[in-house]
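Each chain, written out:
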Amino acid sequence: MKLGHHIYILPSFSLPTYSCIRSFPPSPINLNLSFPVRKRATIRSMSDSIVVPQRRSLYPPIEPYNNGILKVSDTHTLYWEQSGNPDGHPVVFLHGGPGGGTSPNNRRFFDPEFYRIVLFDQRGAGKSTPHACLEENTTWDLVNDIEKLREHLKIPEWQVFGGSWGSTLALTYSQSHPDKVTGLVLRGIFLIRKKEIDWFYEGGAAAIYPDAWEEFRDLIPENERGSLVDAYHKRLNSDDLETQYAAARAWTKWEMMTAHLLPNDGNIQKAEDDKFSLAFARIENHYFVNKAFFTSDSYLLENIDKIRHIKTTIVQGRYDVVCPMMSAWDLHKAWPEADLKIVGDAGHSANEPGIAAELVVANEKMKAFVG
């Protein structure tokens, strides 16, 4: 159902996608039986209408056709990989966190016959080195890294895809280099404003997940709970590695327990991986303490005019607790030209069925504009 300008509210239930019932004249053979006809999406061109099936499922797993390490500073190196069609339209995947790293499943949002799919691990995350390093690790360093990778791969321009912190970075990069971006697909909008940090890390989301919240809160003594972000910062940067690991596990578990509308045990177990959780928690916290290194609280909203012309789809889970819908709505109000897809039965994770389906659809539609 479409409401207003470029807003789509997606239902929280599934029904067969039949567009009509075709009846045939009665005869001794067909006895006026009715046959459902599968609904098709139409893309209108200047000349005529083209009927195409609308894919909603992830593509099958694929392997990279090449990968490498790019040295971006005296301190940092980045892992990168390419999959799909070497001659296809380039798309860069920006992972969340910051500090979350990429995974093989990230390749599956894109048609491998159409897209040249570029994944990379941001500074300190995944296979990039040094692991969990906070030195020379700012939003602006990451923006510069994306440009260095684009130039290294000899890509003139590309589509940008990012969710959660990846949406933050995608918006920042696009506002810095709008001439290098052919389109944007954003998910779980995070504008890294104070009210968003306070909602998730200072008690707001506790109203929905009080059980998970107590585990996160209780690591910190009562006399330090005036700012849990600051209290965790102290422990994540402790000289004692075990203190860092304990804080990292608690920080990561809180996010993993709230990332899906329905609990996902596999996701929650990631918090027990000390290598993953240390990078995830340390780098996230570092960026939050430093307000993403932006010059104002609403920096991304204030600079929307720089990217207003770029074809964009925003996919947002209605019940996203990590990055609540208020941020996607604020972005939509500032940028009504972008399509906003609200998934009615989803939380935060890109791997929830409704969100994954809409991300695939967004990439399929983008093909008509960049192909």
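Each chain carries its own residue numbering, running from 1 in the written order of its sequence. Reporting of local features is limited, given that this is a predicted model, to residues whose pLDDT is at least 70; pairs of side-chain atoms are given and counted only at 80 or more, and all residues count toward the totals for whole chains, interfaces and linings. Values reported for side chains reflect all heavy atoms of the structure, with hydrogen atoms and water molecules removed beforehand.

Looking at an unreviewed UniProt entry, one finds the protein chain named Proline iminopeptidase, with Brassica carinata as its source organism. Under the UniProt heading Catalytic activity (unreviewed entry), the note attached to the protein chain is "Release of N-terminal proline from a peptide." UniProt positions are given in the numbering used here, feature names are shortened, and annotations may be inferred rather than shown by experiment. Per UniProt, the protein chain carries the Subcellular location (unreviewed entry) text "Cytoplasm".

This part covers the confidence of the model for the protein chain. pLDDT is a residue-level measure of predictor confidence that goes from 0 to 100. Put simply, the protein chain has an average pLDDT of 89, and 85% of its residues get 70 or more. Secondary structure elements are defined from DSSP: runs of H or I of at least 4 residues count as helices, runs of E of at least 2 residues count as strands, and each element is numbered from the N terminus. Averaged over each element, pLDDT in the protein chain is lowest for strand S4 (residues 34-38) (34) and highest for strand S10 (residues 115-120) (99).

Mapped onto the elements, Asn137 comes out in the loop between S10 and helix H1 (139-152). Categorising residues by exposure relies on relative accessible area from a 1.4 Å probe, with only protein chains included: less than 20% of the type maximum marks a residue as buried, more than 50% marks it as exposed, and the intermediate range marks it as partly exposed. For Asn137, a relative accessible area of 1% corresponds to the buried category. Side-chain atoms alone can form a polar contact between residues adjacent in sequence; in general such a contact is a pair of N or O atoms within 3.5 Å, and within protein one must be able to donate a hydrogen while the other accepts it. In this structure the side chain of Asn137 is engaged in a polar contact, spanning 3.2 Å, whose partner is the backbone oxygen of Arg123. In contact with Asn137, other than residues within four places in its own chain, are Arg123, Leu142, Ile283, His286, Tyr287 and Phe293. By definition in these notes, contact holds between two residues if any of their heavy atoms fall within 4.5 Å.

Any Lys or Arg side-chain nitrogen found within 4 Å of a carboxyl oxygen on Asp or Glu counts as a salt bridge. What the rule picks out here adds up to 20 salt bridges. Among the ionic pairs, Lys180 bridges to Asp179, the shortest N-O distance being 2.6 Å.

Side-chain rings of Phe, Tyr and Trp, where Trp is taken by its six-membered ring, are said to pair if the distance between their centres is within 6.5 Å; with planes under 30 degrees apart they count as stacked, over 60 as edge-to-face, and otherwise as tilted. Counting across every chain of the model gives 25 aromatic pairs. Centre to centre, the rings of Trp165 and Tyr287 are 5.1 Å apart; their planes meet at 70°, and the pair counts as edge-to-face. Within this pair, whereas Trp165 is found in helix H2 (residues 165-176), its partner Tyr287 is found in helix H8 (residues 274-289), the two being separated by 122 residues in sequence. Side by side, Trp165 and Tyr287 carry an identical accessibility label, which is buried. When the centroid spacing of 5.3 Å and the interplanar angle of 70° are considered together, the rings of Trp213 and Trp254 count as edge-to-face.

Given 3.6 residues to a turn, an α-helix orients residues that are three or four positions apart in the same direction. Taken residue by residue, helix H10 (residues 325-334) has Met325, Ser327, Ala328, Leu331 and His332 as its buried positions. Projection of H10 onto a plane perpendicular to its axis shows the buried side chains occupying an angular sector of 160°, all on one side. Think of it as the arc spanned by the lines of direction from the helix axis to the C-beta atoms.

The next thing to look at is the packing of helix H4 (residues 210-218) against helix H6 (residues 241-258). Orientation of H4 relative to H6, taken along the N-to-C sense of each, is 165°, at an axis distance of 9 Å. Between H4 and H6, the angle falls in the class roughly antiparallel. Regarding H4 and H6, the two cross each other, and that crossing is left-handed. Residues Ala212, Trp213, Glu215 and Phe216 of H4 form the contact with H6, whose own contacting residues are Ala250, Trp251, Lys253, Trp254 and Met257. Within the contact of H4 with H6, the residues separate by chemical class into 7 nonpolar, no polar and 2 charged. The convention used is that axes are lines fitted to C-alpha atoms, helices contributing only their stretch in contact, and that angles between N-to-C directions extend from 0 to 180 degrees. Each angle gets one of four labels, with under 35 degrees taken as roughly parallel, over 145 as roughly antiparallel, 65 to 115 as roughly perpendicular, and the rest as oblique. Should the near helix be turned counterclockwise from the far one by less than a right angle, the crossing is left-handed, whereas a clockwise turn marks it as right-handed. We call Asp, Glu, Lys and Arg charged. Ala, Val, Leu, Ile, Met, Phe, Trp, Tyr, Cys and Pro are nonpolar, and the rest, Gly among them, are polar.

Here the focus is unusual backbone geometry. As a rule of thumb, non-glycine residues mostly have phi less than zero, and peptide bonds are mostly trans rather than cis. Here Gly97 and Pro98 are connected by a cis peptide whose omega angle stands at 0°. Relative to the helices and strands, Pro98 resides in the loop between strand S9 (89-94) and S10. Residue Pro130 is reached from Thr129 by a cis peptide bond, and omega for that bond is -5°. By the element assignment, Pro130 lies in the loop between S10 and H1. Unusually for a residue other than glycine, Lys154 sits at a positive phi of about 55°. On the secondary structure map, Lys154 appears in the loop between H1 and strand S11 (158-163). The residue Ile192 is not glycine, and still its phi comes out positive at about 55°.

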